[in-house]
Amino acid sequence: MQPSDLKDASFSRYPPQARVLATKEMLLLRELPLALAPILLRELIFYDWKMPAERAELNKQFLYLTALTPGERTNVLKPFRTLSLSNELTTMDWVNDPAGFMERLTAWLWSTHQMERFRSIADAYSSAVSAKSPEDLPSSPRLGVVIVGAGTRQSKHPLFQKLRPLGVHLTAVHPAEGVAILLERASKRAALAPTSDSSFRHWYIDGGIPEAIPHLTQISYAQLQQSRALLLNRIQGAISSGGMGPEQLRTLLARMKPDEVGLNSAGSNEILNHFQLTLLTEGAGTQIFSTTFAQWAARECLRRAHPETLVVRYAPRQQAQTMNMMLSGASPAGLDPEGSLIDADMGAYYTWINMRRLSGADGLRFLVWFEGQREALAIGPGLAHGTSSDSPLNMHQVLALLDV
Amino acid sequence: MDRRNFLRAAVGVAASNALCGFSPLRAMQIARKRKVVVVTFGGGARDEETFAPEGQENIPHMLNELIPQGTFYTQVINQGILGHYVATASLATGAYETLNNFASTPPQNPTVFEYFRRDLHRPQEDAWVIAPSNGFNRIGGSDRREYGPRFGAEVLLPKQLLASAMSQGSHIDYEHLLRDNYETPLFTPQTGGGEVNLHRTAEILKLSVSDFMRNARTLSSPDELSVFMARQLMTQVAPSLLWITLHDIDIAHSGAFSLYIDGIQRSDRLCAEIWHAIETNPEYKGCTTMFILPDFGRDSDTNPAGNGFQHHRTGDALSRTTWLLALGPGVRQNAVVDRPVDSLDLVPTLGSMMGFSPNFAKGKALHEVL
């Protein structure tokens, strides 16, 4: 099947909002090359459960393509048509399984040495879309806070090494009430945000048991304990049934619904629950290590929701056991707080990198703090790079330093 | 400082030792006696955690013991599919394989083991692979008609042997050695025949199952088990061509940075231990060339398509660029080669070194170490 063969009935199995959008954009979809159409459909098929920022991005992409003249559109899409695709890709049901198409396309491009060309074509296309429809600036400067090191009192290796050149290393922070102060400030930012703009804009991700705090979109490793157990149980069942390779398993996971892991598939938390499900089904290691969960959740939150406020708090992960044991949901052999601090330190760096990818990066305020200890690092406009301060500061003063 | 320069700085080699078209040195040993040990890392390590200034603390053995004794290639480019089985198969065939990374299938092109055994009329016991996970069980030989399994290597899967031995007793003491297939931990191909292999291998290695189990209990990781088996193999069989693939580093796929670092530090130590085993074994000392190379790298921190060290999915330059160290008789010591070379160059190099013709291999021999 080629995109030119698409009709309304092709999308009969899509969720309601996705179906409406597909029908509305039918003429455009029919014009797309086969190497591009399923990539768009992979986003479109989940439209009903997309974050607002993701929907806006997809809508902008459609707007960009429809605003082009026919000649311009032909030129923009032409490079995708130069890729050679296999018969298998043409004949598979890429409308209803765009993710499966992507997996096969990836393997095909690698095996035929077309990956580099595809990458440069895709980069050029996405640069053109971004240039025509840049992301809106945040209503207030973005704030990222990463809290690391719960469960340990000192680090065997120097912390924040990768971030130190970018900000002020604080060595005399008064830690009392630190977590509460940081969460309250995040909550206050959410409460003060314009109502129309507050949906999924202010987040709190906890790698352990979360604090109760209003106004923030919250997810945590502890609250997903039952979901993780159900998911691992499902995986074990699928593996033990035999004959299931990684591709089939990935397909199975991709088709799961939130209610299969104890989360509501509909209702007011529908979008958030789908998001949480994908953290567990798409993230490697998120099912077994709380530090990986926190880092990946932060990455996906930033990529998909473009938050203005993000607080990530790490907790000790379990000690490494065999993959088979961990994936079977075996009881932890113990906790590894020292290793978790190293994980979280790297995770903080990745969160900073991912926040820098969002609009308004020059105004970004970023803080990473060794929980319960005196060490922190602050990055923000006006703060000198690569400096250190031993001035005593409480957490309110640290936030003031960041002008938050 | 660019990658090439910081690697040069890391290995602390004077510019005068750089190699650029010098006259080839020949080993003094006759070809028949020559042995080769290849050590690959399945689950590459990035420069940041190894040769960059902030990573050097993780590889003291490489920097202080091994590199000064060998020739170090700073740019080894892998242009193939970045999955561990398919990439290791490509290293072993000298041609970019396109097989399914997670399927139990043989390489499409003849392996170095087949060239070696067929051309030099060597017995099966003279070529061995010690592979990290059960997914590598077909790497010993291709299905090429004129080559194929009858010329392939013996493949030793220590974890399979351990699992087989464990089926006869308690699991508890050994579970830590059975971590498998980090890249897709949800899938482990079945290999079958474990019991037969266990006893046959035990016989070849002159190691009783109980000795094997007792030794295994003292080890802390699957790679340590592989190196233990390699030592036993070198002592009892002394194969001329031994290929060891380490895999602990690939725990990075779980996203735990500290465990990835642990894996690098352990691999660094194990490489030194393998070299020590070579240097203290009369069958190997003075006639063995060791090659150490990761199969490929890992994603960079800044590529938005990836998640940093965790995976190798972006195909970016960092995930494709790695290094190679060669050391042994006839290989220039404390030398650096900056020119880009290809992962496929290994097999033609081994062919030139050992005297076989890798007819289907695509790379070019690394003349600096011949």
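Along every chain, residues carry numbers that run from 1 in the direction the sequence is written. Whichever chain is written first is A, and whichever ligand is written first is 1; the rest continue in order. Local features in this predicted model are restricted to residues of pLDDT 70 or higher, and side-chain atom pairs are both shown and tallied only at a pLDDT of 80 or more, whereas totals for entire chains, interfaces and linings draw on every residue. The side-chain figures draw on all heavy atoms in the structure; neither hydrogens nor water molecules are used.

**Q** Residue-level account of the pairing of strand S6 (residues 288–294) of chain B, with values.
**A** All names here are of chain B. The element S6 is largely enclosed, with a buried count of seven among its seven residues. Only protein chains enter the calculation, and the probe is 1.4 Å; a residue is then buried if its accessible area is under 20% of its type maximum, exposed if over 50%, and partly exposed in between. Numbering of helices and strands starts at the N terminus; helices are DSSP runs of H or I of at least 4 residues and strands are runs of E of at least 2. Neither face of S6 is exposed, since Thr288, Met290, Ile292 and Pro294 on one face and Thr289, Phe291 and Leu293 on the opposite face are all buried. Relative to S6, strand S1 (residues 35–41) runs parallel, the two sharing seven bridges. Pairing of Phe41 across the sheet is with Pro294, part of S6. Strands were regarded as paired on the criterion that DSSP finds at least two bridges between them. Pairing between S6 and strand S7 (residues 321–327): three bridges, direction antiparallel. Bridging across to S7, Met290 finds its partner in Leu327.

**Q** So what's going on with the interface of chain A and chain B? Which residues, and what values?
**A** Any two residues having at least one pair of non-hydrogen atoms within 4.5 Å are treated as being in contact. With 36 residues of chain A at the interface, the matching set in chain B holds 43 residues. Across the interface of chain A and chain B, roughly 3,100 Å² is buried in total on both sides, 60% from carbon and sulfur atoms. Any Lys or Arg side-chain nitrogen found within 4 Å of a carboxyl oxygen on Asp or Glu counts as a salt bridge. At the surface where chain A touches chain B, the tally comes to one salt bridge. Throughout this description, a polar contact denotes any pair of N or O atoms lying within 3.5 Å of each other; where both atoms belong to protein, one of them has to be capable of donating a hydrogen while the other can accept it, and for residues adjacent in sequence the pair is counted only when both atoms sit in side chains. Across the contact surface, chain A and chain B share 13 residue pairs in polar contact (both at pLDDT 80 or more). Secondary-structure elements contributing two or more residues to the side of chain A that touches chain B are helix H7 (98–111), helix H8 (115–132), helix H10 (225–240), helix H11 (246–254), helix H13 (290–305), helix H14 (323–327) and helix H15 (337–356) of chain A. Take the side of chain A that touches chain B: its biggest share by element is seven residues, from H15 of chain A. Each residue receives one of three labels: charged for Asp, Glu, Lys and Arg, nonpolar for Ala, Val, Leu, Ile, Met, Phe, Trp, Tyr, Cys and Pro, and polar for the others, Gly being one of them. Of the residues that constitute the side of chain A that touches chain B, the class distribution is 19 nonpolar, nine polar and eight charged. As used here, buried area is the combined drop in accessible area, with a 1.4 Å probe, of two parts when they are placed together.

**Q** Go over the nonpolar core with me, naming the residues and quoting the values.
**A** Grouping buried Ala, Val, Leu, Ile, Met, Phe, Trp, Tyr and Cys residues that are joined through side-chain atoms within 4.5 Å yields what is termed a nonpolar core. Residues Trp203 of chain A together with Phe212 and Ile292 of chain B are the most contacted members of the largest nonpolar core, which totals 119 residues. If one sorts the elements of this core by residue count, helix H9 (residues 257–280) of chain B sits on top with eleven residues. In this structure, Trp203 of chain A is in contact with Met51, Leu216, Thr217, Ile219, Leu272, Phe275, Cys301, Ala305, Pro307, Thr309, Leu310 and Val311 of chain A, ignoring residues within four places of it in sequence. In terms of nonpolar packing, the next biggest core, distinct from the first, is built from 85 residues, Leu6 and Leu83 of chain A together with Leu91 and Leu120 of chain B among them.

**Q** How would you summarise helix H3 (residues 84–93) of chain B if you had to cite specific residues and measurements?
**A** Residue and element names in this part refer to chain B. Within H3, ten of the ten residues are buried, leaving the element largely enclosed by the surrounding structure. Among the residues of H3, His84, Tyr85, Val86, Ala87, Thr88, Ala89, Ser90, Leu91, Ala92 and Thr93 are the ones counted as buried. For H3, the elements touching its buried residues are S1, helix H4 (112–120), strand S5 (241–246), S6 and helix H11 (346–354). Directly beyond the C-terminal end of H3, a positive phi value near 75 degrees is found at Gly94.

**Q** Residues and numbers for the packing of aromatic side chains, please.
**A** When the centres of two rings from Phe, Tyr and Trp lie within 6.5 Å, Trp using its six-membered ring, the rings pair. Their planes under 30 degrees apart give stacked, over 60 give edge-to-face, and anything left gives tilted. Scanning the entire structure with this criterion turns up 21 aromatic pairs over all chains. The interplanar angle of 35 degrees and the centroid separation of 6.1 Å between the aromatic rings of Phe200 of chain A and Trp203 of chain A together place this pair among those described as tilted. Each member of the pair, Phe200 of chain A as well as Trp203 of chain A, carries the same accessibility label: buried. A connected cluster of aromatic rings, assembled from ring pairs, spans Tyr349 and Tyr350 of chain A together with Phe257, Tyr260 and Phe309 of chain B.

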